[in-house]
Amino acid sequence: MRDRPRPARLGCRGNAMRRSRLLIIIFVTISTFSAIYAPQPLLAHLAKAFQVDAAHASLITTATLLPLGVAPLFYGLLLESVPAERVLVVAVGLLGFSSLGLAAAESYRVFMVFRLVQGLCAPAVLTCCMTLVASAGDTSAETLRRSMSIYIAATIFGGFFGRFMAGAVSTLLDWRVAFLGLGATLLCGALLVTGLRADTSAAYTRIKPGTLLQVLRLPGFLRIYAIVFCVFFVFASLLNFLPFRLSQLGGGVSELRIGAMYAGYLVGIVVSLMAPRTVRALGNEMRAVLLGLAVFLCVTPVFAVAGAGLSFAAMFVFCGGMFQVHSTAPGLLQRMAGSHRGVVNGLYLSFYYVGGALGTSAPGLVYEHFGWETFVLMLAGVLAFALILAVSLLGLGKTAKTALPVAEQASPPV
């Protein structure tokens, strides 16, 4: 009789270990997203420090986003033979050392070399984190749903925190100190990851190249991927070139104020959590996507004429529209995926991040040669095209298959 409580104690210990494991993964996720986006509010300052134009400075962000677009095609192969925990230790460690390298860089070329290293490491970190969250211990639908919600919130918070922290530290101390702090944080994360035990259930479903065209030929899929591409193209583009616009406006806009401009990013946490209710209220996913696009399109032209104050307010609406699309489209695709859910999710990641990578670089030519107003109107035109695609897909929301059990769904995009 005295031995009966022991299983309960063991169960409590197991839950504590799972929570500790999840906290480490969340810490690493926030640190990684902070490293990816920390340079963004500093781009105008870095352009002056390294004596390059806006188009070249914008590549600092592109260098990390582009590898994220092809990560699902390659890193899954590595995780089939090497435990995710081992890959994570190496990738987080390299990410930390490369952040220290950024702090020491004396030229644009050296800085870009370290950003390219980060671009290769970040996809490995995020792929491993996503895999470990999806396979952590208790795989019940409710636990998995809660863990994934926490993970997605961590990615959004990391995107804001990295920008705000870098802007604040750069203004109060120096931009190099911001990267030193990130490097130290990531190296601490690598040490924490060494304490994770290898989990044989942490299997990553890689993309099978033979089914890519098959998925793209499914009714409506290519148009949805095009919408996702356009959405992140516009989102990444405006956020990447906004620091140059604010510096152009004058009035003593510091890196701290530029970093605070991204506070609207936090709206994404609320919008993502509310997405299921929004879908139920509107009747189907495509209507929810259409709502997000409409809001996104309506607020984008405001930035063409807005000053710093109005841009700050508009950013909340801008981010709300984008995250409404981003938190809804994957669910629709997975409901329609049939037997190719892993491929569908991998393609979503590829279209999403390739769109973002191109958005942080190509529109720079428009900005340099035609000015800010034309640049913003061009982005609005891209969103108008996406809105037309969404209208043509309204019927899909009514014909989509019944939702798959959560435990069977592919991991959500990072």
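These numbers come from a predicted model, not from an experiment. (Residues numbered from 1 in each chain as written. Predicted model: local features only at pLDDT ≥ 70, side-chain atom pairs only at ≥ 80, totals over all residues. Heavy atoms only, no water.)

Caption draft 1: A look at the overall build of the chain. Along the backbone of the chain there are 19 helices and zero strands. Contacts in the chain between residues at least 24 apart in sequence constitute 87% of all its contacts with a sequence separation of at least 6. Put simply, the chain shows about 17200 Å² of open surface, and 67% of that area lies on carbon and sulfur atoms. (Helix = DSSP H or I, 4+ residues; strand = E, 2+ residues; numbered from the N terminus. Contact = heavy atoms within 4.5 Å. Areas by Shrake-Rupley, 256 points an atom, 1.4 Å probe, with all protein chains shown as cover.)

Caption draft 2: Quick look at the packing of aromatic side chains. On inspection of all chains with the given rule, the structure shows 29 aromatic pairs. Taking the centre distance of 5.0 Å and the plane angle of 90° together, the rings of tyrosine 352 and tyrosine 353 count as edge-to-face. Judged on exposure class, the residue tyrosine 352 and its partner tyrosine 353 are both buried. Here the aromatic residues Phe232, Phe235, Tyr265, Phe296, Phe303, Phe318, Phe323, Tyr348, Tyr352 and Tyr353 are joined through ring pairs into a cluster of three or more. Cation over ring: arginine 163 sits above tyrosine 262, and NZ or CZ is 5.0 Å from the ring centre. Its end group placed over the ring of tyrosine 265, arginine 163 keeps NZ or CZ at 4.6 Å from the ring centre. (Phe/Tyr/Trp six-rings, centres within 6.5 Å; stacked < 30°, edge-to-face > 60°. Buried < 20%, exposed > 50% of the residue type's maximum accessible area, 1.4 Å probe, protein only. Lys NZ or Arg CZ within 6 Å of the ring centre and 35° of its normal.)

Caption draft 3: A look at helix α2 (residues 43-50). Of all the residues in α2, the buried ones are Leu43, Ala44, Leu46, Ala47 and Phe50. Mapping the buried residues of α2 onto a view down its axis gives an arc of 165°, with all of them on the same face. Following α2 by one or two positions, glutamine 51 has its phi on the positive side, about 55°. (Arc of directions from axis to C-beta.)

Caption draft 4: Looking closely at unusual backbone geometry. Look at glutamine 51: it is not a glycine, yet its phi comes out positive at around 55°. Checked against the element boundaries, glutamine 51 lands in the loop between α2 and α3 (54-79). For glutamine 51, a relative accessible area of 74% translates into the label exposed.

Caption draft 5: Seen up close, the nonpolar core. Phe235 and Phe318 are the most contacted members of the largest nonpolar core, which totals 125 residues. The biggest single contributor to this core is helix α9 (residues 221-249), with 17 residues. Other than its neighbours up to four places away in sequence, phenylalanine 235 contacts Tyr265, Phe296, Phe318, Cys319, Met322 and Phe323. (Core = buried A, V, L, I, M, F, W, Y, C linked by side-chain atoms within 4.5 Å.)

Caption draft 6: Quick peek at the environment of glutamate 368. Inspection of the secondary structure assignment puts glutamate 368 in helix α17 (residues 363-370). Taking relative accessible area as the criterion, glutamate 368 reaches 39% and is therefore assigned partly exposed. With residues near it in sequence (within four places) discarded, glutamate 368 still touches Asp53, Ala54 and Ala55.

Caption draft 7: Up close: the environment of alanine 168. With respect to the element layout, alanine 168 can be found in helix α6 (residues 141-172). In this structure alanine 168 comes out as buried when scored by relative accessible area, which is 13%. Sequence separation between alanine 168 and serine 254 is 86 residues, and the spatial gap between their C-alpha atoms is 8.8 Å.

Caption draft 8: View of helix α14 (residues 308-326). For α14, with 19 residues, the first-to-last C-alpha span of 26 Å sits near the 27 Å given by 1.5 Å per residue. Helix geometry: α14 is bent most strongly at alanine 314, by close to 30°. (Expected span 1.5 Å × (residues − 1). Bend = angle between axes of the 7 residues up to and from the residue.)

Caption draft 9: Spotlight on the packing of helix α11 (residues 267-282) against α14. Between α11 and α14, the shortest axis-to-axis distance is 9 Å and the interhelical angle comes to 45°. One finds that α11 runs oblique with respect to α14. Our pair here, α11 against α14, has a crossing hand that is right-handed. Contacts between α11 and α14 involve Val267, Gly268, Val271 and Thr278 on the former and, on the latter, Phe316, Gly320, Phe323 and Gln324. (Axes fitted to C-alpha atoms, helices over the stretch in contact; angles between N-to-C directions. Parallel < 35°, antiparallel > 145°, perpendicular 65-115°, else oblique. Left-handed = near helix turned anticlockwise from the far one by under 90°.)

Caption draft 10: Broad picture of a nonpolar patch on the surface. A surface patch of nonpolar side chains, amounting to about 360 Å² of accessible area, comprises Leu291, Val295, Phe312, Phe316 and Val317. Elements that contribute at least two residues to the nonpolar patch include exactly α12 (285-299) and α14. Broken down by element, the residue count for the nonpolar patch peaks at three residues, all from α14. (Patch = residues over 30% accessible without salt bridge, like charges linked within 9 Å, V, L, I, M, F, W, Y side chains within 5 Å. Salt bridge = Lys/Arg side-chain N within 4 Å of Asp/Glu carboxyl O.)

Caption draft 11: Summary view of the packing of α11 against α12. Orientation of α11 relative to α12, taken along the N-to-C sense of each, is 110°, at an axis distance of 8 Å. Viewed along their axes, α11 and α12 adopt a mutual orientation that is roughly perpendicular. Residues Thr278, Val279 and Leu282 of α11 touch α12, and the partners they reach there are Glu285, Arg287, Ala288 and Leu291. Class assignment for the residues of the contact of α11 with α12 results in four nonpolar, one polar and two charged. (Nonpolar A, V, L, I, M, F, W, Y, C, P; charged D, E, K, R; others polar.)

Caption draft 12: Main features of the environment of alanine 57. As for its placement among the helices and strands, alanine 57 is situated in helix α3. Taking the relative accessible area as the measure of exposure, alanine 57 reaches 0% and is therefore buried. Here the alpha-carbon distance between alanine 57 and methionine 112, two residues 55 residues apart in the chain, equals 9.5 Å. Ignoring any residue separated from it by four or fewer positions in sequence, one finds alanine 57 in contact with Leu43, Ala47, Val52, Tyr108 and Phe244.

Caption draft 13: Representation of the confidence of the model for the chain in the model. When the pLDDT values of the chain are averaged, the result is 80; 79% of them are 70 or greater. By mean pLDDT, the top-scoring element of the chain is helix α18 (residues 372-392) (94), and the lowest-scoring one is helix α19 (residues 396-399) (53). (pLDDT = per-residue confidence, 0-100.)

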